[in-house]
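# Report on the structure
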Amino acid sequence: LKPTLLDAALTSLLLAWDPRYLWDVGFQLSFAATAGILFLAPRGILGLQPVPSATRSSLLRAGGNLALVTCGAVLATAPITAATFHRFSLVALPANLIAAPLFAVGLGGSAVTAIAGVAWQPLGEVVGWVAWLPLSALSSVGQLFGGLPFAALPTGTVPGVLVWLYYGALGAVAWSL
């Protein structure tokens, strides 16, 4: 799913409603990931380039573009994660490459479950069990990768100025591309 101007408008409305969301780490991570996908992935950060539409293998194209989007999100959220949780994930990229398709299927399944449940509760319950499968697998991916030895490096306290310098440098690289 590609972020759009609608996302920016909704974010602006959310902040106008309650500016305290700026200090919520969940909001910060979502905002940073969206910005990373929007501004880093299409620019081919780290020398990676979107896979052209003319590529014969749709699986190759989808996998390559998923890797690019995941890199953008991981690069954009790393300093917030390090500053807030005092660790830097070494498994974020491979874990998210596996988790992203599961999340998409789980989200779609959840939407179908909600609609089916409104239409007829027993149908919603049956569809809910089907939607549970990818969501359960998603949870297992997080547990598996998070439990690996050396899944994350401790960072200690990360000064806010380093976070801002990182984002300044990342922005300059994105701008230059």
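Let me begin by describing the structure that accompanies this report. Computed from a predicted structure; not experimentally measured.

### A short note on the packing of aromatic side chains
This structure, assessed with the given rule, holds four aromatic pairs. Centre to centre, the rings of Trp129 and Trp132 are 6.0 Å apart; their planes meet at 65°, and the pair counts as edge-to-face. Taken together, the residues span about one helical turn, with Trp129 and Trp132 both in helix H5 (residues 121–146) at a distance of three residues. Owing to a relative accessible area of 63%, Trp129 belongs among the exposed residues under this scheme. The structure contains a cluster of three or more aromatic residues connected by ring pairs, namely Tyr21, Phe27 and Phe31.

### Concerning the packing of helix H2 (residues 25–39) against helix H3 (residues 58–85)
Following both chains from N to C, one finds H2 and H3 inclined at 150°, their axes separated by 7 Å at the closest point. Here H3 runs roughly antiparallel to H2, going by the angle between their axes. Pair H2 / H3 crosses with right-handed handedness. Residue-level contacts link Val25, Gln28, Leu29, Ala32, Ala33, Gly36 and Ile37 of H2 to Val69, Gly72, Ala73, Ala76, Thr77, Ile80, Thr81, Thr84 and Phe85 of H3.

### With respect to H5
Between its first and last C-alpha atoms H5 spans 36 Å; for 26 residues at 1.5 Å apiece the expected length is 38 Å, and the two agree. The largest bend in H5 comes to about 30°, at Trp132, with the proline Pro134 one to four residues further on. Listing the buried residues of H5 in full gives Gly124, Val127, Ala131, Pro134, Val141 and Phe145.

Cut-offs used in this document
- Within each chain, residue numbers correspond to sequence positions counted from 1 in written order.
- Reporting in this predicted model follows two pLDDT cut-offs: at least 70 for local features of residues, and 80 or more for side-chain atom pairs to be given and counted; totals over whole chains, interfaces and linings ignore these cut-offs and use all residues.
- Excluding hydrogens and water, the side-chain figures rest on all heavy atoms present in the structure.
- Stacked, edge-to-face and tilted labels apply to pairs of Phe, Tyr and Trp rings (six-membered ring for Trp) whose centres lie within 6.5 Å, assigned for plane angles under 30 degrees, over 60, and everything in between, in that order.
- Starting at the N terminus, helices and strands are each numbered in turn, a helix being any DSSP run of H or I of at least four residues and a strand any DSSP run of E of at least two.
- Note on exposure labels: buried denotes an accessible area under 20% of the residue type's maximum, exposed denotes more than 50%, and partly exposed covers the range between, all computed with a 1.4 Å probe on protein chains only.
- Comment: axis = line fitted to C-alpha atoms, over the contacting stretch for helices; angle = value between 0 and 180 degrees taken between N-to-C directions.
- Angles below 35 degrees are treated as roughly parallel, those above 145 as roughly antiparallel, those between 65 and 115 as roughly perpendicular, and all remaining angles as oblique.
- Helix crossings fall into two classes, left-handed where the near helix is turned counterclockwise from the far one by less than a right angle and right-handed where it is turned clockwise.
- Any pair of residues with heavy atoms lying within 4.5 Å of one another is described as a contacting pair.
- To estimate how far a helix should extend, the number of its residues minus one is multiplied by 1.5 Å.
- One axis fitted to the seven residues ending at a residue, another fitted to the seven starting there: the angle between these axes is the bend at that residue.

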